[in-house]
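Coordinate inspection notes
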Amino acid sequence: MIAGPSRLVLLGNPVSHSLSPVFQNAALRHEGIPLTYEAIEVAAPDLGHVLTLLAEDNAAGNITIPHKEAAAALCARVSPLAERVGAINTFWIEDDGVLVGDNTDVGGFESLVRSTMDGLPRGRIALLGAGGAAAAALAAIERWPGCEVTLYNRSHTRLARLASRFPVVTRTAGTAEEAVQGASLVVNASASGLEDDLVPVPIETLPFDAAVVDLVYRRGDTPWVRAALACGHRASDGLPMLIEQGALSFEKWFARKAPRAVMWDS
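Definitions and cut-offs
- In this numbering scheme, every chain counts its residues from 1 along its sequence in written order.
- Only residues with pLDDT of at least 70 are given local features in this predicted model, and only at 80 or more are side-chain atom pairs given and counted; all residues enter the totals for whole chains, interfaces and linings.
- Side-chain numbers come from the whole structure's heavy atoms, not from hydrogens or water.
- By this definition, two strands are paired if DSSP reports at least two bridges between them.
- The secondary structure listing takes helices from DSSP runs of H or I that are at least 4 residues long and strands from runs of E that are at least 2 residues long, numbered from the N terminus.
- Contact criterion: two residues are considered in contact whenever any of their non-hydrogen atoms come within 4.5 Å of each other.
- Only the contacting stretch of a helix is used when fitting its axis, a line to C-alpha atoms as for every element, and angles between N-to-C directions run 0 to 180 degrees.
- Only protein chains enter the accessibility calculation, which uses a 1.4 Å probe. A residue is then buried if its area is under 20% of the maximum for its type, exposed if over 50%, and partly exposed in between.
- Each polar contact in these results corresponds to two N or O atoms within 3.5 Å; when the atoms are within protein, one needs to be able to donate a hydrogen and the other to accept it, and residues that are neighboring in sequence are counted only if both atoms are side-chain atoms.
- Space inside and on the surface of the protein is sampled on a 1 Å grid over the protein atoms alone, with a cavity defined as a set of points where a 1.4 Å probe fits but cannot get out and a pocket as an open set with protein on both sides within 12 Å along at least 5 of 7 lines; lining residues have an atom within 4 Å of a point.
- Grid points are joined across faces, edges and corners, and a volume is the space filled by probe spheres set on the points.
- Classification used: nonpolar for Ala, Val, Leu, Ile, Met, Phe, Trp, Tyr, Cys and Pro, charged for Asp, Glu, Lys and Arg, polar for all others including Gly.

1. As for the sheet that holds strand β11 (residues 211-214)
The sheet built from six strands is open, its strands ordered β9-β8-β7-β10-β11-β12 with parallel pairing. In this open sheet, the two edge strands, each paired with only one partner strand, are β9 (169-172) and β12 (235-236). Bridge count between strand β8 (residues 147-152) and β9: three bridges; the pairing is parallel. Its bridge partner lying in β9, Leu 151 is registered against Thr 172. Of the strands in this sheet, β8 and β9 are in contact with helix α7 (residues 156-165), which crosses β8 at around 165 degrees. Each of β10 (185-188), β11 and β12 touches helix α9 (residues 223-230); the most contacted strand, β11, lies at about 165 degrees to it.

Right, dumping it as structure tokens:
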């Protein structure tokens, strides 16, 4: 993009809980960019129409659940990484007027794991969930040396579909408790804990030395992460991933370094 976007938005349903407007607006103020990042709740049947209108306005922004996969199909072009994931979380309008999608969740997930484990894991990783977030995690994990994934999801159809796309998935499990056996890292990429206090798998079923990352985030950590920390596990919720994917998005919209410290302090 030669000219920056005229508008910045977050599209999802729900979006009222999102912290993205807080840190993105802090970044915009710090950089002297006269825009406001706004969250817009969009029903699934309206997504195509809303994206068309935003494209006409030269808008850019982020896509969150449940629209990441549907939005990818609506883009004129997607990055190779977004194509691999099958979902986008970032979009903008190119100079030729077409809607372009990318996926910064992959980089955000890797940053989360590195900060939680002081590096990348080796060995078996248990991944719980089979949606867009799980696909982004697998697109990261398949690039890490020495890793294999056990995948679990309540929907066997979605489980089988995702496992068939990523050879790094060498096992599928019938239960979450089965999935975590022997894992050095356990990842919750499901919606468990997003709007309730349910845990994706009881902490007592985890290997004693397994690290835990929850892609759900809440102020003060999710109940699952708090329980993991109390039992001595290295653990983090999805806030570091959220901020890093947002920083990577910022860099794609404006072709400049994102003020990560400002984003964190907001």
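2. Some words on the sheet that holds strand β2 (residues 37-41)
Across the sheet, which stays open at both edges, the six strands sit in the order β2-β1-β3-β5-β6-β4 with mixed pairing between neighbours. The sheet is open, and its two edges are formed by β2 and β4 (77-78), each paired on a single side. Running at roughly 155 degrees to β2, helix α1 (residues 20-31) makes contact with β1 (7-12), β2 and β3 (59-63) of the sheet. In the packing of helix α2 (residues 47-56) onto the sheet, contacts are made with β1, β3, β5 (90-93) and β6 (99-102), and the angle to β1 comes to roughly 175 degrees.

3. Observations regarding the side chain of Asn 62
Checked against the element boundaries, Asn 62 lands in strand β3. Taking relative accessible area as the criterion, Asn 62 reaches 3% and is therefore assigned buried. A distance of 2.8 Å separates the side chain of Asn 62 from the side chain of Tyr 37, its partner in a polar contact. One polar contact links Asn 62 to Thr 90, side chain to side chain, over a distance of 3.4 Å. For Asn 62, the residues in contact, after removing those within four places along its chain, are Val 9, Leu 10, Leu 11, Gln 24, Tyr 37, Asn 89, Thr 90, Phe 91, Gln 245, Ser 249 and Trp 253.

4. Describing the layout of surface pockets
Within this model, the largest pocket holds a volume of roughly 1,200 Å³. If you trace the largest pocket, you find 45 residues lining it, with Ile 65, Ala 133, Ala 189, Ser 190 and Ala 191 closest to the centre. Take the lining of the largest pocket: its biggest share by element is three residues, from helix α10 (residues 239-254). As a volume, the second largest pocket reaches approximately 190 Å³. Along the wall of the second largest pocket there are 14 residues; nearest its centre are Leu 19, Arg 219, Leu 239, Ile 243 and Ser 266. Counting only elements with at least two residues in the lining of the second largest pocket, the list comes to α1, α10 and α11 (260-265). A breakdown of the residues in the lining of the second largest pocket according to their chemical character gives eight nonpolar, two polar and four charged.

5. Notes on helix α6 (residues 132-141)
Counting buried positions along α6 yields nine of ten residues, so the element is predominantly enclosed. By the burial criterion, the buried members of α6 are Gly 132, Ala 134, Ala 135, Ala 136, Ala 137, Leu 138, Ala 139, Ala 140 and Ile 141.

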